[in-house]
Amino acid sequence: MRIAYQAQPPTLDPHVTTSQASATIGRNVFETLVTVDSNYRTQPLLAESWEQSEDGKTITFHLRKGVRFHNGKEMTADDVVASMNRWIQISSAGKDHFKGALFEAKDPQTAILHLQNPTSTALPIMAYGGGNYPAIMPKELIDGADPKGVKEYVGTGPFQFKEWQQDQEIHLSKFADYQARSEAADGLAGKREALVDDLRFIFTPDSSTQVAGLLSGEYDVAADVSYDSVQQLENDSDIQVNVAPTGMLNLFFNKKKGLFANVAARQAIGAGIDVESILIAAYTDPKYYQQNHNMMMYYQVGQWASENGKELYNQNNPDKAKQLLKEAGYQGQEIKIVTSRDYEDMYNGAVALQQQMEKLGMKTKLEVYDWPTFTELRNDENKFDILVITNTPKPEPSSLAFMRKDFPGWTDSPELDKLLIEFRSAPNLEKAMSVYGKLQSWFYEYVPVVKVGDGNSISASKKTVQGMKWLDGLVFWNVSNQE
Amino acid sequence: MRIYLIKRILALIPVLFVVSVVIFLIIHITPGDPAAVMLGESATEQDVKALRQQLGLDLPLHTQYVNWMADVLRGDLGDSYFMKESVAESIFSHLQPTLSLAILAQIVALVIAIPIGIAAALRRGTATDQTVMGFSLLAMAVPSFLLALFLILLVGVKLQWLPVAGYKPLEAGLWNHLKYLILPAISLGAIQSALITRMTRSSMLEVLNTNYIKTARSKGVKERTLVYKHALRNAFLPILTVIGQTFGGLVTGAVVTETIFNIPGIGQLIINSVERRDYAVIQGVVLFVTAAYVCINLIVDMLYGVVDPRVRLERK
């Protein structure tokens, strides 16, 4: 199966990079202890089962027997311990949420996670299948890794790594000795099976080249189709178009400096904008976005849902906004909106936002940069008032970018600090869920960002490709391609 | 001749030096850096800082330049920040597709341009001449990507005769290699041919009006011999210059065409590396491209001597 894919990742080692491309390609090769089902609940993968202690400070993982790495070696607790401890030490997710935590092997089939503090979010974060996921690799490879990543890609997944031609393709092939789980497939959980012999991820940066390649039969799947080409593809009877959630369009306020250091000004934007017209501008058609007041994405509401703050989402109330702006002492100074054109949804959304802010009587200026420049400028509090960004989904709310003190926008709220401690240090997720509603209320009071809505990305494939799904990235196991 | 060669090669050194300083400054002053790109969209500023330190990107600019230059002088262009290979390997692997494409495109250009240019010169002022001139003017104005998109739509998507994107190395078989390059070669070559056609026509016109051609014709030399042996050879010097220039442009990266047809050549390497802020690769490629361009011009100069013995004599 030939998949046209936009971006080449820096490495397939997910411990060192948060790149989504690395996850989408790499997780066919590497697996994790736990994973998520279609309702976004944690399910076992390489672990057979686990127990969480009463105080929430230890989690004991019982590993599956007879799981082999692609090099033939059987996976044991030593590999798990080496992999997970490295992930805790070097990955962004590990450093953030697992400070002072340590994995330890009790016997070859048992690994114990000792947490410094009870961490209710431990399991959902370890189950995440997107960028920076905690892959299990052989201990020898972990020991021989350098700062740029492991030297070889050996995992336990249904596909094994074959070849990487830089800037051309990554070639994976079916792993004959793969030990699948016996449960029915559900989301990323349950039975995984390689139904094609080869997966070739062909790097095709240009979206219209992907479309032409799919139409001419060069590719079986085009992973990143632009909204404008959908019609052309839908007219072709051999092609099917698939929609998948991609991220949430957020307006990040500079809370350190300028007008939006004042909470009333942030609430004014929340009150004044009409999300529908911004979303239409960004995603072109209601099929490609969802209005959703939840902090988390719409596909995650099976696990993360709260009605709190719903009335404050999409208010479309210019009078209230103008009143709030007056309260905030807005004097007509110029507001700098910054975004990147490397992502069309961000740019088009920003243009629509600018028009709406002008209608509220605000003076605005839109600045557009390429993505690497954008990621550097946004760290400077003198360079922007509002950033328009599509945030990638996160496994649980305390990982969301706007919860961080160090992320551009610089959320700084003592109330949030208290809530986060309460949320994270609950002994397990069930107990933490009671705090989730409070977090969402805080989100609509403090307004760290205004959430516009959830966006979808579009992929397309030949009709012969059956069973392709999306969960934290496109899923390529259990997918067949019969001519 | 040898002294001339040595002089020309020595003259390359200051050119490369200036280019290296300029490119180094431009890319290091541009915001964004490879550490942030490698760590991905969700990395924290702290992590980026740490990696920047590991990669030596936090050193003062002049120190970084000196370190890099020291390696370059030892023949080491360094390692890519983003890819798991050295810059030399990157250039080498991306050069093969570019060279194949450039040669093929040049052949397409010459096959179109030389006969048409000659025909136009011989039938000066007729409808043939005017049609050729009109088309070549149009071709010079059309950007090559427009022709590329048209070819993709017609030959690739509608007729499905040829693949529209990708690349297979020569080891995969000659036809496999060629079939991916035909459309991009036509879209590049057809556009390039416009300039060569015009140059061939005007250069031929000039020669055809000289006395020796008139004499030869009055002596009854066959028209074919007259045109191809006596006239074309003398008219060839300016044509060769244009060919050299267009070939230089093709080798140093047909950026847009490579992107549209997804050919992993030098042009695409530059684009990708700029997006990744892969300093080492950008610097290495720019140095390489500069050297290549100068060398192609040098080779063209040498070919003057082959085509026209008078040039050889003068240089001695």
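Residues numbered from 1 in each chain as written. Chains lettered and ligands numbered in written order. Predicted model: local features only at pLDDT ≥ 70, side-chain atom pairs only at ≥ 80, totals over all residues. Heavy atoms only, no water.

Under the annotation held in an unreviewed UniProt entry, chain B carries the name ABC transporter permease and is attributed to Brevibacillus brevis. UniProt's Sequence similarities (unreviewed entry) comment on chain B is quoted here verbatim: "Belongs to the binding-protein-dependent transport system permease family." Entered under Subcellular location (unreviewed entry) in the UniProt record, the comment concerning chain B runs "Cell membrane". (UniProt positions renumbered as here; feature names shortened; annotations may be inferred.)

For chain A, the name recorded in an unreviewed UniProt entry is ABC transporter substrate-binding protein, with Brevibacillus brevis as its organism.

**What about the overall build of chain A?**
A count of helices and strands for chain A gives 14 helices and 21 strands. For 483 residues, the compact-globule estimate of 2.2 N^0.38 gives 23 Å, and chain A sits close to it at 23 Å. Burial status across chain A gives 60% buried among its 483 residues. Long-range pairs, those at least 24 residues apart, make up 73% of the contacts in chain A between residues at least 6 apart in sequence. As presented, chain A carries roughly 17600 Å² of accessible surface, and 46% of it is formed by carbon and sulfur atoms. Computed over 48 positive and 63 negative side-chain charges, the separation of the two mean positions in chain A equals 4 Å. (Helix = DSSP H or I, 4+ residues; strand = E, 2+ residues; numbered from the N terminus. Rg over C-alpha atoms; globule rule 2.2 N^0.38 Å. Buried < 20%, exposed > 50% of the residue type's maximum accessible area, 1.4 Å probe, protein only. Contact = heavy atoms within 4.5 Å. Areas by Shrake-Rupley, 256 points an atom, 1.4 Å probe, with all protein chains shown as cover. Lys, Arg positive; Asp, Glu negative; His and termini not counted. Charge placed at Lys NZ, Arg CZ, Asp CG, Glu CD.)

**A closer look at the environment of G78(B)**
All names here are of chain B. Along the chain, G78 falls in the loop between α4 (61-73) and α5 (87-122). Relative accessible area serves as the criterion here: at 19%, G78 is assigned to the buried category. Between the C-alpha atom of G78 and that of L298, which follows or precedes it by 220 residues, the distance is 27 Å. Every residue in contact with G78, bar those within four places of it in the chain, is listed here: S86 and V87.

**Details of the interface of chain B and chain A**
Tallying the contact residues gives 42 residues for chain B and 42 residues for chain A. Summed over both partners, the interface of chain B with chain A buries about 3500 Å², with 47% contributed by carbon and sulfur atoms. Linking chain B with chain A are 3 salt bridges, by the criterion used here. R277(B) is paired through a salt bridge with D370(A); the nearest N and O atoms lie 3.0 Å apart. (Buried area = accessible area lost by both parts, 1.4 Å probe. Salt bridge = Lys/Arg side-chain N within 4 Å of Asp/Glu carboxyl O.)

**A closer look at the packing of α5(B) against helix α13 (residues 279-307) of chain B**
Residues and elements named next belong to chain B. Orientation of α5 relative to α13, taken along the N-to-C sense of each, is 55 degrees, at an axis distance of 9 Å. Relative to α13, α5 is oriented oblique. Taken as a pair, α5 and α13 cross one another with a handedness that is right-handed. Of α13, the residues touching α5 (which contributes V87, I91 and L95) are A280, V281, G284, V285 and F288. (Axes fitted to C-alpha atoms, helices over the stretch in contact; angles between N-to-C directions. Parallel < 35°, antiparallel > 145°, perpendicular 65-115°, else oblique. Left-handed = near helix turned anticlockwise from the far one by under 90°.)

**Some thoughts on the UniProt feature "transmembrane region" (unreviewed entry) in chain B**
Residues and elements named next belong to chain B. UniProt tags residues 9-29, 99-122, 134-157, 177-196, 235-261 and 281-307 as "transmembrane region" (unreviewed entry). For residues 9-29, helix accounts for 100% and strand for 0%, while the C-alpha atoms at its two ends are 31 Å apart. For residues 177-196, helix accounts for 100% and strand for 0%, while the C-alpha atoms at its two ends are 27 Å apart.

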